[in-house]
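As a plain string of letters, each chain reads:
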Amino acid sequence: RMATNSKIKNAGIRLFAVKGFAATNVQDIADSAGISVGLLYRHYKTKEDLFSELLVQAGEALEDMGHLFHLDSSPTAVLNRMTYKILDEIEADSTFAQYFILIEQSFKMKDKFPQIQQLFKTDLELINKTAEFIVQGQNSGQFVMGDAYQMAILYFSIIQGIINMKFILEDKFERPDIKMITAFLLREDPKDYL
């Protein structure tokens, strides 16, 4: 039962991310999961129920990202570690990248699902936590000065853009160098020019 549920969720998130909520039907999900529609209905009464559960999981993935900001080393090392982890997840085509697409799509349907309000709140908390982290990096002299909240938005805009390009380009996608992603945030190191 748990294996079947996992298949349904994996198929659902993949299809919702690629086709969108409206264009995905129950038959598509069942076919992708390799099960019958009847079996799918034993797990989820509607496509909306499945989507709602996936929204909750997407929120949990955002909360997990916030834990990457623990300063057990320098802000630059933390930023690089977090960015590498995100890039690894994107390149592996994991559900992590699909959650980002799902989140992006869900914000266009704010009134349809009550879970979206909680997801939006979790997203704002992550941006605020990132801004606080950026202030710590600025105070240590490792990050450039500027509006930390705007910088946090720019960072996640870059990540979201990379995820979108992964879905658009598919096998032609090339992983960007981490220095390109973080260049706007990190102070230049004079050693880079030696």
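The rules behind the values
Residues numbered from 1 in each chain as written. Predicted model: local features only at pLDDT ≥ 70, side-chain atom pairs only at ≥ 80, totals over all residues. Heavy atoms only, no water. Phe/Tyr/Trp six-rings, centres within 6.5 Å; stacked < 30°, edge-to-face > 60°. Helix = DSSP H or I, 4+ residues; strand = E, 2+ residues; numbered from the N terminus. Buried < 20%, exposed > 50% of the residue type's maximum accessible area, 1.4 Å probe, protein only. Lys NZ or Arg CZ within 6 Å of the ring centre and 35° of its normal. Axes fitted to C-alpha atoms, helices over the stretch in contact; angles between N-to-C directions. Parallel < 35°, antiparallel > 145°, perpendicular 65-115°, else oblique. Left-handed = near helix turned anticlockwise from the far one by under 90°. Contact = heavy atoms within 4.5 Å. Nonpolar A, V, L, I, M, F, W, Y, C, P; charged D, E, K, R; others polar. Salt bridge = Lys/Arg side-chain N within 4 Å of Asp/Glu carboxyl O. pLDDT = per-residue confidence, 0-100. Expected span 1.5 Å × (residues − 1). Polar contact = N/O pair within 3.5 Å; in protein donor to acceptor, adjacent residues only side chain to side chain.

This paragraph deals with the packing of aromatic side chains. Centre-to-centre distance and the angle between the planes together describe a pair of aromatic rings. For the structure shown, the criterion picks out five aromatic pairs. Measuring from ring centre to ring centre gives 5.6 Å for Phe 133 and Phe 143, while their planes differ by 70°; the resulting arrangement is edge-to-face. Taken together, the residues span a long stretch of sequence, with Phe 133 in helix H7 (residues 115-139) and Phe 143 in the loop between H7 and helix H8 (148-169) at a distance of 10 residues. The class for Phe 133 is buried, based on a relative accessible area of 2%. On the numbers, 5.2 Å between centres and 80° between planes, the contact of Tyr 155 with Phe 156 is edge-to-face. By relative accessible area, Phe 156 is classed as buried at 10%. Put simply, the rings of Phe 16, Phe 21 and Phe 51 touch in pairs and so form one group of aromatic residues. The ring of Phe 21 has Lys 47 lying over it, and the distance from NZ or CZ to the ring centre is 4.3 Å.

Before going further, it helps to spend a moment on the environment of Val 26. With respect to the helices and strands, Val 26 occurs in helix H2 (residues 26-33). Relative accessible area serves as the criterion here: at 14%, Val 26 is assigned to the buried category.

Moving on, we get to unusual backbone geometry. One non-glycine residue, Glu 170, lies in positive phi territory at about 50°. Structurally, the position occupied by Glu 170 is in the loop between H8 and helix H9 (178-182).

Two elements in contact, helix H5 (residues 75-91) and H8, have axes separated by 10 Å at closest approach and are oriented at 20°. With respect to H8, the axis of H5 lies roughly parallel. Relative to H8, the crossing made by H5 is right-handed. Judged by residue contacts, Leu 79, Met 82, Thr 83, Ile 86, Leu 87, Ile 90 and Glu 91 of H5 engage Tyr 155, Phe 156, Ile 159, Ile 162, Ile 163 and Lys 166 from H8. Looking at the contact of H5 with H8 residue by residue, the class counts come to 10 nonpolar, one polar and two charged.

Counted under the stated rule, the structure contains five salt bridges. Put simply, Lys 9 and Glu 53 hold a salt bridge, and the shortest N to O gap is 3.2 Å. Of the two residues, Lys 9 is situated in helix H1 (residues 2-19) and Glu 53 in helix H4 (residues 47-66); the sequence distance between them amounts to 44 residues. One salt-bridge network, held together by shared partners, links Asp 88, Glu 91 and Arg 175.

Our next topic: the confidence of the model for the chain. Here the chain averages 87 in pLDDT, while 95% of its residues score no lower than 70. Confidence, expressed as mean pLDDT per element, reaches its minimum in the chain at helix H6 (residues 95-106) with 82 and its maximum at H2 with 95. Here residues 190-194 is a poorly scored stretch, pLDDT under 50, and it has one contact once near neighbours within four places are set aside; other chains count.

Glancing now at H8. Here H8 contains 22 residues, and its C-alpha end-to-end distance of 31 Å stays within 8% of the 32 Å for a straight helix at 1.5 Å per residue. Where H8 is concerned, the buried positions are Ala 148, Met 151, Ala 152, Tyr 155, Phe 156, Ile 159, Gln 160, Ile 162, Ile 163, Lys 166 and Phe 167. Its buried side turned inward, H8 meets H1, H4, H5, H6, H7 and H9. Sitting at the amino-terminal end of H8 is Asp 147, which places a side-chain oxygen 3.0 Å from the backbone nitrogen of Tyr 149.

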